[in-house]
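One-letter residues, chain by chain:
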Amino acid sequence: MDLSAINPVILVASLMVASTPILLAAIGELVVEKSGVLNLGVEGMMITGAICGFAIAVETGSPTLGFIAAALGGALLSLIFGVLTQVLLSNQVATGLALTLFGLGISALLGQGYIGIKPPATPRIDLGPLSDLPVVGRILFSHDLMVYVSLALVAGVWAFLRYTRGGLILRAVGESHDAAHALGYKVILIRLAAIAFGGACAGLGGAYLSLVRVPQWTEGMTAGAGWIALAIVVFAGWRAWGVLLGAYLFGGVTVLQLNLQAAGMAIPVEVLSMSPYLITILVLVIMSADRRRAAMGAPASLGRVFHASS
Amino acid sequence: MTGTEKLLALEGLTKAYPGVVANDDVSFSIAPGRVHALLGENGAGKSTLVKMIYGLVRPDRGRMLLRGAPYEPHTPHDARNAGVAMVFQHFSLFEALDVAENVALGMENPPSQRQLSRRIREVSEEYGLPLDPTRRVGELSAGERQRVEIIRCLLQDPKLLIMDEPTSVLTPQEVDILFETLRKLSEEGTAILYISHKLEEIRALCESATILRLGKVVANCDPREKSARELAELMVGQTLHTPTRESTAEGDVALELSGLSVASSNPFGTSLKDVSVSVRAGEVLGVGGVAGNGQDELLAALSGECLAAPDAVKLKGRSVGQLGPNARRRLGLLAAPEERLGHAAAPDMSLTENALLTGAIRENLVSNGFLKWGSARSFAEIVIERFDVRTPGPEHAARSLSGGNLQKFVIGREILQRPEVLVVNQPTWGVDASAAAAIRQALLDLAAEGAAVIVISQDLDELMEISDRFAALNEGRLSPPRPAKGLTVDEIGLMMGGAHDMEVAHHGAA
């Protein structure tokens, strides 16, 4: 075993790339849950975004158009969930699970002709002298645009929820839909918008997998990333910066265990592969141990069906 | 202000829901600066009427005039823009948000949070309702929450303020302060539509009243010229029966709490702190207090939903603190919680099934793990018959019953299991006057037969009517019980914790 083969600078830089899909999906789901809706279909929306983005990028040769298509695809799929749960009042848990299965199926169908193709490369953006800085340049200033978009989204969601009236209304709807309705806010419209935003973010996350991280199309390639994104929202206590921390922690452990495998660590590969999931579960348990604190962050109306009584 | 001038006039408002006409041809008017009462029992159509005025519900027929001009609010935003504000019965507040955020949500064009906080401080001091804009609403007492609602309305300078049952959660001192605020507002020319079924309050505050029964206006009167009993009989449409009881000799101590401390399972709940009291057989102990001071936790600790130290709860000298609900039921300690749908009864299960859920042990409705459907059904039928529960039969779902009928069923189900000790929380909450009288009478009869009864309630009149001794919960602590006879409203108010630092503000203003 040779631990010196692990270069900490490259480790951190690849951690950011590895974490971005989950970060994108989780920040979208955070907004959805803050509005009081539990959408368990993140996995399905991610993989639909992955194939939509991949197909459009291959057909047009433009990764940018691919990402836009991925966001649209994810949002469109999420609106199926939105209409079913918000307008037709179906059960959110069952509908979310169905959305995941549906997304996995439809992505496999759409992806029939794309297996084994290489997508057009997503360019790293050139930040000139910044990228040439030692250590910091390699870690912070040598990524593709989507890494910065994901970080900007975290900051944007945080500021939106904290400082804007729109964010206040969104939190109010998630806290008590009956009270928000009594004050005259359009609960269903606000929730549909949040769901569509969550779908678009999940779609972007999926496309980042198929266009940058892997990059190719295989069926079921999200491999549970959507579920991890859901867990990270809880881990984060429904706070935007917590989502960043959670996603990078998971991404970090994933990259580290890959490096340890490569370095020939004397731990069975299976144990190393499951370590990110084990650590996520462990952290979740520790975070939820204080039930009062955990309950403070959770939107009080999360997952409850809203039906205007009048 | 002349009496002939009209701020708001309602003409023939009608609203029907499938199977029920909530409002039938309702007409009346309110003058500026007047305090107008809207009286009626639960289900008389008061809430539907104010929802129409506030733009939450659209009338089927009829029209409204505001200052002589047609007024057709489609949403609460329209109503607020027209100068109509409303304080809700079930607060429209968000517990996880702070006071300033809650206020901002109820305004059309809120200023920046910093300016808003300053305005909240100014207005709250002007009207003697101190409030810290940075506090989280979940941490406030019920009285303070109401201040948030009122200040949210006042910041918009309303012409008409609608108040839906505002005093049901206040201590008597807090009610006095609220009334001072309302009188000040009315002197400034704000009309107030005051909804309540507390008649003494209406007689003290209001200058005119409209009484609704089954959606129709049955009388317009000046409440200051009527007695509370006359008003009550107008509301109910029949003469009222006052519960009576035979005096009973006090028995042995049936239930003893000593140093009972239980942490609340709800993040905004109140933990019980060192509660000690004993109740004798044949006695009714009334537990008062403002909502959210540990009532739910006390019921949970007594029913066995929350476990405590074994010796903290003793039933006839036997330690039961560590036992769960079924073990306590077997020994004779029964409970009926406040929330009818979802806590006391399973909403979508039939009355027979609901009878089984708590009666299985004491009524022998289970043998070797199999249900005895026949016995369960006849037990449910006895409850329905003895307690005059209006339902087509025991196979109907609990959800299909009206609040009062379901409450009679829930209380009756426990009483017929011959408890040694019965604990009830809010036994007549949201129940019409005649059903409430029947439930109170049943509780008194149970005590007369030798059971110990603990009634937790926020209705002080009810507690004074049926309790032998009275104790108050305040922030999870129980005051020492005192004989209920001869207690004055002031003394009760002080036992309940007074007015939470509000006297100073008003004396300063006066």
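The structure presented is a predicted model; accordingly, all values stated were derived computationally and were not measured. (Residues numbered from 1 in each chain as written. Chains lettered and ligands numbered in written order. Predicted model: local features only at pLDDT ≥ 70, side-chain atom pairs only at ≥ 80, totals over all residues.)

## Section: the overall build of chain A
Part 1: Regarding its fold elements, chain A presents 13 helices and zero strands.
Part 2: The secondary structure elements of chain A, listed N-terminal to C-terminal, are α-α-α-α-α-α-α-α-α-α-α-α-α.
Part 3: Against the 2.2 N^0.38 benchmark of 19 Å for 310 residues, chain A shows a C-alpha radius of gyration of 20 Å, consistent with a compact globule.
Part 4: Taking the principal axes of its C-alpha atoms as reference, chain A extends roughly 65 × 45 × 40 Å.
Part 5: Within chain A, the fraction of its 310 residues that count as buried is 45%.
Part 6: When contacts within chain A are restricted to residue pairs at least 6 apart in sequence, those whose partners lie at least 24 apart make up 79%. (Helix = DSSP H or I, 4+ residues; strand = E, 2+ residues; numbered from the N terminus. Rg over C-alpha atoms; globule rule 2.2 N^0.38 Å. Buried ≥ 20, exposed ≤ 12 C-beta atoms within 10 Å, placed from the backbone. Contact = placed C-beta atoms within 7 Å.)

## Describing the pairing of strand 10 (residues 216-221) of chain B
Part 1: Strand direction decides the pairing type here: strand 9 (residues 208-213) of chain B and strand 10 of chain B, joined by five bridges, are antiparallel. What sits directly across from Ala209(B), in strand 10 of chain B, is Cys221(B). (Pairing = 2+ DSSP bridges.)

## Things to note about the interface of chain A and chain B
Part 1: On the chain B side, the residues contacting the 15 residues of chain A number 18 residues.
Part 2: Examining the composition of the side of chain A that touches chain B, we find that five residues originate from one element, helix 7 (residues 165-175) of chain A, more than from any other.
Part 3: A breakdown of the residues in the side of chain A that touches chain B according to their chemical character gives nine nonpolar, three polar and three charged. (Nonpolar A, V, L, I, M, F, W, Y, C, P; charged D, E, K, R; others polar.)

## Digging into the sheet that holds strand 10 of chain B
All names here are of chain B.
Part 1: Here we have six strands laid out as an open sheet, ordered 6-7-8-3-9-10, and mixed in their pairing. Each edge of the open sheet is held by one strand with a lone partner, namely strand 6 (84-87) and strand 10. Going from strand to strand, the sheet's axes swing by 20° on average, the running direction of each strand aside.
Part 2: The strands that helix 6 (residues 172-187) touches are strand 3 (35-39), strand 7 (160-164) and strand 8 (191-196); relative to strand 8, the one it contacts most, it runs at about 145°. (Axes fitted to C-alpha atoms, helices over the stretch in contact; angles between N-to-C directions.)

## Here's the deal with the sheet that holds strand 12 (residues 272-280) of chain B
Residues and elements named next belong to chain B.
Part 1: With respect to topology, four strands assemble into an open sheet ordered 12-11-14-15, the strand pairing being antiparallel. Unpaired on one side and paired on the other, strand 12 and strand 15 (318-319) mark the two borders of the sheet.
Part 2: Relative to strand 12, strand 11 (residues 253-262) runs antiparallel, the two being bridged by six bridges. When the bridges of strand 12 are listed, Leu260 appears paired with Val275.
Part 3: Relative to strand 12, helix 9 (residues 295-303) is tilted by about 60°, and along the sheet it contacts strand 11, strand 12 and strand 14 (313-315).

## Describing the pairing of strand 1 (residues 8-17) of chain B
Residue and element names in this part refer to chain B.
Part 1: Strand direction decides the pairing type here: strand 1 and strand 2 (residues 20-30), joined by seven bridges, are antiparallel. Residue Leu10 lies in a different strand from strand 2, and its bridge partner there is Phe28.
Part 2: Pairing analysis gives five bridges linking strand 1 to strand 4 (residues 61-66), with the strands arranged antiparallel. Its bridge partner lying in strand 4, Glu11 is registered against Arg63.

## Some points on the domain arrangement of chain B
Residue and element names in this part refer to chain B.
Part 1: Each domain of chain B was delimited in the assignment, giving domain 1 (8-236) and domain 2 (253-495).
Part 2: A straight line from the C-alpha centre of domain 1 to that of domain 2 covers 32 Å.
Part 3: Each side of the interface is counted separately: domain 1 has 16 residues, and domain 2 has 13 residues.
Part 4: Among the secondary structure elements, those contributing two or more residues to the side of domain 1 that touches domain 2 are helix 5 (142-154), helix 6 and helix 8 (228-236). (Domains from an automatic or database assignment.)

## Regarding the nonpolar core
Part 1: In this structure, Ala26(A), Ile27(A), Ile232(A), Val243(A) and Ile162(B) are the most contacted members of the largest nonpolar core, which totals 232 residues.
Part 2: No other element matches helix 9 (residues 187-213) of chain A, which puts 16 residues into this core.
Part 3: Formed jointly, this core draws a minimum of three residues from each of two domains, domain 1 (8-236) and domain 2 (253-495) of chain B.
Part 4: Setting aside its immediate chain neighbours within four residues, Ile162(B) contacts Val50(B), Ile53(B), Tyr54(B), Val84(B), Met86(B), Val87(B) and Leu193(B). (Core = buried A, V, L, I, M, F, W, Y, C linked by C-beta atoms within 7 Å.)

## Let's talk about the packing of helix 11 (residues 351-359) of chain B against helix 12 (residues 373-386) of chain B
All names here are of chain B.
Part 1: It is at 8 Å that the axes of helix 11 and helix 12 come closest, and there the two elements cross at 100°. Our classification of the angle between helix 11 and helix 12 gives roughly perpendicular. Between helix 11 and helix 12, the contacting residues are Leu351, Thr352, Ala355, Leu356 and Gly359 on the first element and Ala376, Arg377, Phe379, Ala380 and Val383 on the second.
Part 2: Split by residue class, the contact of helix 11 with helix 12 holds seven nonpolar, two polar and one charged. (Parallel < 35°, antiparallel > 145°, perpendicular 65-115°, else oblique.)

## A closer look at helix 12 of chain B
Residues and elements named next belong to chain B.
Part 1: Between its first and last C-alpha atoms helix 12 spans 20 Å; for 14 residues at 1.5 Å apiece the expected length is 20 Å, and the two agree.
Part 2: All of the buried residues in helix 12 are Ala376, Arg377, Phe379, Ala380, Val383 and Ile384. Projected down its long axis, helix 12 shows its buried positions confined to an angular sector of 160°, all on one face. With respect to the buried face of helix 12, the exposed residues turned more than 90 degrees away are Gly374 and Glu385.
Part 3: Buried positions along helix 12 lie against helix 11, strand 18 (370-371) and helix 13 (403-415).
Part 4: The positive-phi residue at the C-terminal boundary of helix 12 is Asp388, with phi of around 55°. (Expected span 1.5 Å × (residues − 1). Arc of directions from axis to C-beta.)

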